[in-house]
Structure formats: structure tokens, C-alpha cells
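# Tertiary structure, described
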Amino acid sequence: MAARANEPPSFEHIRTRSRVLRTTAVVLFMIMVSRLGWLQIVRGTDYRKLSKDNYVQVSTVRAPRGLILDRNGEVLAENRAALSVILNRSIARDDEEAADVLSELLELDREFVAEKLADASTNYYGGTVLIDDVDLLDDRDFARISRLVEQRSRLKGIKVVETAARRYPEGTLATHAIGYVGEISDAELADMEASGYRPGSIVGKSGIEKRYEHYLNGRNGQEYWVYDASGRELYEFQLEPRVDAKPGHNFVLTIDAPAQRRAEEALAEFRAGAIVAIEPSTGEVLVMASHPSPDPNALVDGLSEVEWSELSGSPTHPLINRAIQAAYPPASTFKLITAAAGLQTGDVRPRREQVICKGAFKYGIRTFRCWRAEGHGLVDLMKGIVESCDVFFYQLGARLGVEKLMTWTARAGLGRKTGIEIVGEVRGNVPTPDWYDRRYGEGKWSRGVVINLAIGQGELLVTPIQAACLACAIANEGRVMTPHLFKQVQTYSGTVVGSARRSVAYDLPFAADDIAFLKRAMVNVVEAPNGTGKQARVPGIEVGGKTGTAQNPHGEDHAWFVSFAPADDPQIAIAVLVENAGSGGAIAAPIAREVTKAYLRIEDEPPPVAPRRQEIEPAGADSDEAGPEAAGPNEADADETGDGGGEPEGTEREGTDALAPDGAGTD
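These numbers were taken from a predicted model, which means no experiment stands behind them. (Residues numbered from 1 in each chain as written. Predicted model: local features only at pLDDT ≥ 70, side-chain atom pairs only at ≥ 80, totals over all residues. Heavy atoms only, no water.)

## Examining the overall build of the protein chain
Each helix and strand in the protein chain was counted, giving 22 helices and 23 strands. Within the protein chain, the proportion of its 667 residues that are buried is 49%. Across the protein chain, contacts joining residues at least 24 apart in sequence account for 71% of those joining residues at least 6 apart. (Helix = DSSP H or I, 4+ residues; strand = E, 2+ residues; numbered from the N terminus. Buried < 20%, exposed > 50% of the residue type's maximum accessible area, 1.4 Å probe, protein only. Contact = heavy atoms within 4.5 Å.)

Listed below in C-alpha cells is the structure:
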């Protein structure tokens with residue numbers, strides 16, 4: 001019989017339902033426990049970080065860069081207090097609205113601000129820099145920051161922090177050697193992110209600042225701050241230990257600031273030029289001046305597009321370090337190499353070889369003229385160097401030929417990089433026969449090019465630092481030490497942790513007697529009565545030197561002078577190159593003299609004090625002892641000094657009107 005509809009379920013049915021419910025409850029409980037275990041144990045650390053990030057954010061504390069000092073401890077690059085506007089990641093912030101407000105308050109391009117806000121939204125390493133190096137002494141910067149602070153309550157995740165900004169107290173002094181800093185670029189970040197660099201980091205862009213970035217850059221610190229739900233900063237989070245910023249190492253250069261300053265003052269009188277001075281025995285670069293040069297402080301602050309366009313497009317090319325990045329015909333300074341090559345090959349002998357200079361030399365169908373139109377008379381090798389006779393070296397070059405002369409030139413260190421540690425050095429050019437074949441076609445160039453090459457003209461090109469190394473080699477008995485700007489690295493407190501190691505770059509391939517002859521000849525160039533480098537004389541010491549005047553097809557000649565001093569114990573070797581200035585003896589030699597005096601700390605003697613003139617006795621006094629009226633001071637000066645006008649005796653003259661049509665140089 002069928003059960004009735006209202007019959008209660010059996011006990012067995014109730015037990016079955018109970019077991020199902022219990023099993024379901026147990027399964028649900030196990031699932032819940034497993035999930036809680038997954039969330040709290042397996043993913044607990046991640047979720048705690050996400051939770052903390054909702055109210056705690058990290059703030060990067062920029063480390064001060066190390067100082068840059070000259071060899072005597074004078075500060076060339078330091079840090080100053082400045083402000084930066086930082087964008088922290090803020091989940092609650094409306095970036096579109098923030099871009100509108102910030103661009104208006106800070107007078108910035110809206111697209112630029114929007115890009116920075118987008119970077120900040122994904123930057124988990126710390127803040128993104130919106131404005132760096134705010135100078136409160138600048139009225140515009142002060143007004144912008146004031147407006148921002150006033151509106152800070154409505155801006156989420158915006159922070160104004162104190163930072164250390166780079167400052168170059170000497171302005172343009174040694175700009176090309178020191179370099180400058182700026183915000184890291186995308187390309188630089190791709191290479192340097194693994195080393196801890198982040199968007200907005202400040203890095204060296206050129207010179208020592210770039211080459212020794214790993215020493216100068218410090219270790220950034222970190223602070224943790226609590227933010228409210230609106231993204232406003234409340235207080236520092238104490239449960240996370242803050243990491244203090246560690247300053248970078250101080251960097252001591254080999255540069256001598258007084259000599260560098262004097263070199264740049266001298267170059268400032270001309271359109272452009274370069275000076276390099278090196279200590280021959282160590283390779284330490286004492287002076288590296290390139291004129292004109294940009295103001296590194298302006299580059300750090302940032303230039304507008306118009307300002308950058310004007311700087312990079314300037315016809316004087318201030319961004320080029322002429323000391324290592326520009327090459328010029330060496331003019332008569334190269335006669336030292338031609339002479340050495342002739343001595344080494346036996347094509348010339350110091351005392352037995354003499355030629356007659358009548359002011360010109362005919363080679364084939366061409367006539368090559370000497371810088372002295374009336375000629376030098378009977379000339380041997382010593383006189384040829386001392387008086388810089390072109391005719392003598394024309395004939396020596398013809399004997400040597402292009403291949404032989406250029407082979408010895410390359411072996412003497414020209415046409416190669418010196419090894420200076422900053423980037424951008426060029427090789428110059430040593431034109432071999434193969435080089436001429438590639439340029440003009442095999443056999444389609446005149447062998448007469450050697451006439452120009454023998455006096456440092458034509459396609460031969462050297463950099464000022466190569467010329468300085470040549471002077472070092474002759475002063476240092478043929479050995480050239482690798483030139484370098486690094487002297488010491490110190491902790492920020494001044495403890496020395498590393499020093500430069502000397503290394504030999506190369507040795508001249510010439511016999512010791514021949515190098516000694518060149519050294520004597522260079523001393524005579526300056527000290528002998530008939531020398532072309534008289535204006536490089538320094539009272540109390542002997543100076544060796546060689547003048548040069550390089551023909552420039554685009555304007556006035558370039559003035560060259562290489563030297564070393566003191567001759568008996570060389571402490572400084574110098575190369576001076578002044579563009580479009582004229583004679584090397586009249587222009588470059590006096591500059592080398594002043595740089596030498598500045599480095600050796602030789603002061604000018606004060607002018608003699610004239611005896612006080614006797615007062616004329618009043619009328620009526622006894623005048624029997626009175627002699628004739630004394631000559632005035634102008635007359636006396638004329639008697640002592642002789643002819644005060646015209647070109648100084650022994651200097652090289654500009655001889656552009658005496659140039660041969662093929663472009664032979666003058667000296």
C-alpha cells in the first residue's frame with residue numbers, strides 16, 4: 001500500500017540527509033581553511049605589501065655626488081641645496097585633472113606633465129621627478145613653488161623635497177675636462193638600471209663626470225611615508241627602517257687650477273683655441289683648456305629648445321673639446337719630426353748638412369716659398385729648427401719621401417689616440433701613400449705632397465694633446481707617459497682610497513743622441529738671439545719650444561707653440577693652438593710663457609720705481625748748482641727701450657702673400 005503523503009520521513013532517511021549536510025559542511029570548511037592558508041601563508045607577503053602600498057609609499061633620498069677637486073684641493077664641482085617636485089604613485093589621484101592643475105601652477109607643458117604622471121603611476125621604486133633643482137633665489141622658481149605649496153591640499157601624491165644639486169663654482173673653468181650632469185636618458189637607463197639607476201636619476205653626461213660616474217655617484221637613501229585614502233602625505237612610517245643616503249666619492253684631478261685659469265683667460269681674447277699642459281714624467285694633465293666652452297651650470301639647470309639650438313648650432317662649436325676632438329695641421333712644430341726622421345735615416349747630419357735658403361725652393365714645376373722672403377742664408381739643421389727655415393725642410397722632405405716620412409711620423413705617436421680617459425678623442429691623420437691612393441686613386445697624386453708634409457702642412461693633422469705629448473717625449477728623453485686626468489679618489493670625508501697608476505704610452509723610435517739634439521734645438525728656439533720663440537722666455541729658467549703657423553684656407557692662420565720647462569728638469573710641457581690668430585711666435589708663444597709661469601708660480605717682477613724728481617726751487621733762490629732740466633719720463637723710456645713699434649725681433653711672421661699656389665705653409 002502506498003505511503004500517505006503526510007507520513008513523516010523514516011529515521012533512515014533523516015540519517016542520510018544528516019550525513020550529506022555534515023559532509024558538505026566539512027568540505028566547505030576545508031575549502032575555507034585551505035583558501036585562508038593560501039592567502040595568509042603562501043600569498044601573505046604579497047598581500048601585506050599590496051596592503052601597505054595602499055597607505056605606505058617609499059620616497060627616494062638622492063645622494064650627494066662626490067666633489068671634484070684640482071690637484072691642490074680647490075673645489076671645481078660641488079653640491080648645493082635645492083628643491084625638487086616629486087610625483088608619488090597615488091591610486092586615488094585623477095591624473096587628467098592633476099595634469100591640468102600642475103601644468104598651470106608650474107607653467108609647464110601639459111603633455112610633459114601628463115607623461116611624468118603616467119611614469120609615476122607605475123613607478124614602485126620611489127617618486128618620479130617633475131621639476132629638479134628648483135632655485136629659490138630665482139623669482140620665477142620661487143613663485144611656482146609658492147603656488148604649488150598653497151594648492152597642496154588638493155594635489156594628491158605631490159611632494160616638495162630638498163635635494164643636492166650639482167654646482168660648478170668656477171663656472172666655465174675646465175668645463176670640457178670636468179663635464180656636466182643631467183637627468184638620465186632612456187638609452188642610459190637601459191644600460192644602467194641594473195646598477196640601481198632609476199628614472200629621474202642624475203648622471204654624468206660628459207668629461208670626468210661621465211667617465212668616473214661609478215665613483216662620483218652615491219647610494220640613494222629611502223624613506224617610508226604614510227598616506228591617507230586621498231593620497232596626501234601624513235607622517236613617516238616607523239615600522240620600516242629608513243636607509244640613509246651615502247655620498248659619492250670625491251675625485252681629485254691632476255688639473256692645476258691657477259694654470260688652467262690663466263690659460264683660459266689668455267684664450268678668451270681670441271675666437272677659439274686649445275691649450276694642453278702635461279707633466280712629462282708622470283703624464284698628469286695640468287691644463288686642458290678649450291675655448292669657447294659652455295657654462296655647465298646652465299646645462300645642469302636645463303636649456304630651452306631655443307637655447308640648446310643656439311648652443312649646438314654656434315659657428316664656434318663650444319660643445320667640442322678642441323684639446324682632443326679637433327685636429328689641425330701642426331705647421332712648423334712638425335719640423336721636429338722631420339728632423340728626427342732625417343737623422344734616423346741618415347738623410348741629414350747635424351753639422352755637415354747645409355743648404356742655402358734664398359727665400360724659395362723649386363721642386364718640379366712648382367716654387368715653394370720660405371716664410372722669410374729674403375731667405376735665411378746658409379742653413380744647417382740646428383739653424384733650420386731655430387729659425388724655422390722652410391727651404392731647409394722642403395729639401396729634407398724631398399729626400400725622405402712620403403712613405404719614409406709618414407712611417408716615422410706614425411712611429412713617433414701621431415695618428416693614434418693618446419689614451420686620455422675621457423671620451424671623444426680623435427686620432428688625427430697621418431697620410432700614407434695608401435691613404436693618398438684611396439683618396440685620389442692609385443698613382444694619381446703628386447709626390448710633391450711631401451714638400452708640404454715636411455713643414456707640417458697639407459693633409460697631416462694632429463690634436464693639441466698629441467702635440468703636447470710630442471713635447472713631453474722630447475723633454476722626457478723619448479718616453480711618453482699615458483696622459484690622464486685622474487689623480488686620486490677619496491671618501492666624502494677626504495680619506496684616500498685609490499691613486500692613479502702611471503703607464504708608458506710609447507717611446508720615440510729615435511736614437512738618444514738625436515732626441516738630445518732636438519731638445520737642445522728647442523732650447524735655442526726660445527733662448528738664442530735668432531730663435532723664433534723668444535716671447536716664451538721665462539726669467540730665471542731655460543725654456544725649450546717650437547713655433548708654428550698653420551695655413552688656414554678659411555681665414556687667418558692658426559698659431560702653434562709647443563714647449564717644456566725648465567729645460568734641465570722639465571716639469572711642464574705645453575701645446576698652445578689659437579685659431580685664426582696669426583703667427584705662432586707672436587701669439588701662441590706668449591700664452592705658453594704665461595701658463596708656464598702660472599704653474600711654476602713665478603711672479604712678475606714689479607716695475608722699477610722711478611726716483612722721485614727733485615722739486616724746482618722757487619724763483620730767487622741760489623741756482624748755481626741747478627743743471628739743465630731733466631728729460632721727461634717718455635724720453636728716458638725711449639732711450640732705454642729703443643724702437644717700440646713693429647714686430648718683436650725673432651718672431652715668426654705671417655706670410656700669406658708668399659704662399660705658393662699649392663698651399664705650402666708659412667712660418
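## Some details on the packing of aromatic side chains
Each aromatic ring pair is specified by the distance between its two centres and by the angle formed by the two planes. Under the criterion given, the structure shown has 14 aromatic pairs. Look at Trp408 and Phe510: their rings are 5.8 Å apart centre to centre, the planes differ by 35°, and that puts the pair in the tilted class. Here Trp408, found in helix α16 (residues 390–411), pairs with Phe510, found in the loop between β20 (504–507) and α20 (512–527); they are 102 residues apart in sequence, far enough to count as distant. On the accessibility criterion, Trp408 (12% relative accessible area) is buried. Above the ring of Tyr212, the side-chain terminus of Arg211 is found at 4.7 Å from the ring centroid. Directly above the aromatic system of Tyr506 lies the positively charged group of Arg416, at a separation of 4.9 Å from the ring centroid. (Phe/Tyr/Trp six-rings, centres within 6.5 Å; stacked < 30°, edge-to-face > 60°. Lys NZ or Arg CZ within 6 Å of the ring centre and 35° of its normal.)

## Remarks on the nonpolar core
Looking at soluble globular proteins, one finds that nonpolar side chains tend to be buried together. Within the largest apolar cluster, 109 residues are counted, with the highest numbers of intra-cluster contacts made by Ile68, Ile208, Met288, Leu381, Ile385 and Leu405. Leu267, Ile275, Ala289 and Ile572 belong to the second-largest nonpolar core, a separate cluster that totals 29 residues. (Core = buried A, V, L, I, M, F, W, Y, C linked by side-chain atoms within 4.5 Å.)

## Some remarks on the environment of Pro199
Inspection of the secondary structure assignment puts Pro199 in the loop between α7 (186–192) and β7 (202–204). Here the alpha-carbon distance between Pro199 and Ala120, two residues 79 residues apart in the chain, equals 9.6 Å. Sequence-distant contacts of Pro199, that is, excluding residues within four places in its chain, are made with Ile184 and Leu189.

## Points about the confidence of the model for the protein chain
Across the protein chain, the average pLDDT comes to 83, with 82% of residues at or above 70. Low pLDDT, under 50, characterises residues 613–666; the stretch is placed with 69 contacts to residues that sit more than four places away or in other chains. (pLDDT = per-residue confidence, 0-100.)

## Structural notes on the pairing of strand β13 (residues 354–357)
Going residue by residue along β13, you find Val355 and Cys357 tucked away on one face and Gln354 and Ile356 left uncovered on the opposite face. The pairing of β13 with strand β16 (residues 377–380) spans four bridges and is classified as antiparallel. From the neighbouring strand, Gln354 faces β16, where its bridge partner is Asp380. (Pairing = 2+ DSSP bridges.)

## A closer look at the pattern of salt bridges
The final tally for this structure, using the stated rule, is 24 salt bridges. Between Glu213 and Arg65 there is a salt bridge, and its shortest N-O distance comes to 3.0 Å. Within this pair, whereas Glu213 is found in helix α9 (residues 213–216), its partner Arg65 is found in the loop between β1 (56–61) and β2 (68–69), the two being separated by 148 residues in sequence. In this structure, Lys597 engages Glu594 in a salt bridge whose closest nitrogen and oxygen atoms are separated by 3.7 Å. Taken together, the residues Lys597 and Glu594, both in helix α21 (residues 584–600) and three residues apart, mark about one turn of the helix. Classification of Lys597 as buried rests on a relative accessible area of 8%. Where salt bridges share partners, they join Arg262, Glu265, Arg593, Glu594 and Lys597 into one cluster. (Salt bridge = Lys/Arg side-chain N within 4 Å of Asp/Glu carboxyl O.)

## Notes on helix α3 (residues 95–105)
For α3, the complete set of buried residues consists of Ala98, Ala99, Val101, Leu102, Ser103 and Leu105. In this fold, the buried residues of α3 make contact with β3 (75–87), α4 (110–121), β4 (128–134), α5 (139–150) and β5 (158–167). Glu107 sits one or two positions beyond α3 and adopts a positive phi of about 55°.

## Observations regarding a nonpolar patch on the surface
On the surface, Val26, Phe29, Met30, Met32, Val33 and Leu36 cluster together into a nonpolar patch covering about 570 Å² of accessible area. With respect to the helices and strands, Phe29 occurs in helix α1 (residues 11–42). (Patch = residues over 30% accessible without salt bridge, like charges linked within 9 Å, V, L, I, M, F, W, Y side chains within 5 Å. Areas by Shrake-Rupley, 256 points an atom, 1.4 Å probe, with all protein chains shown as cover.)

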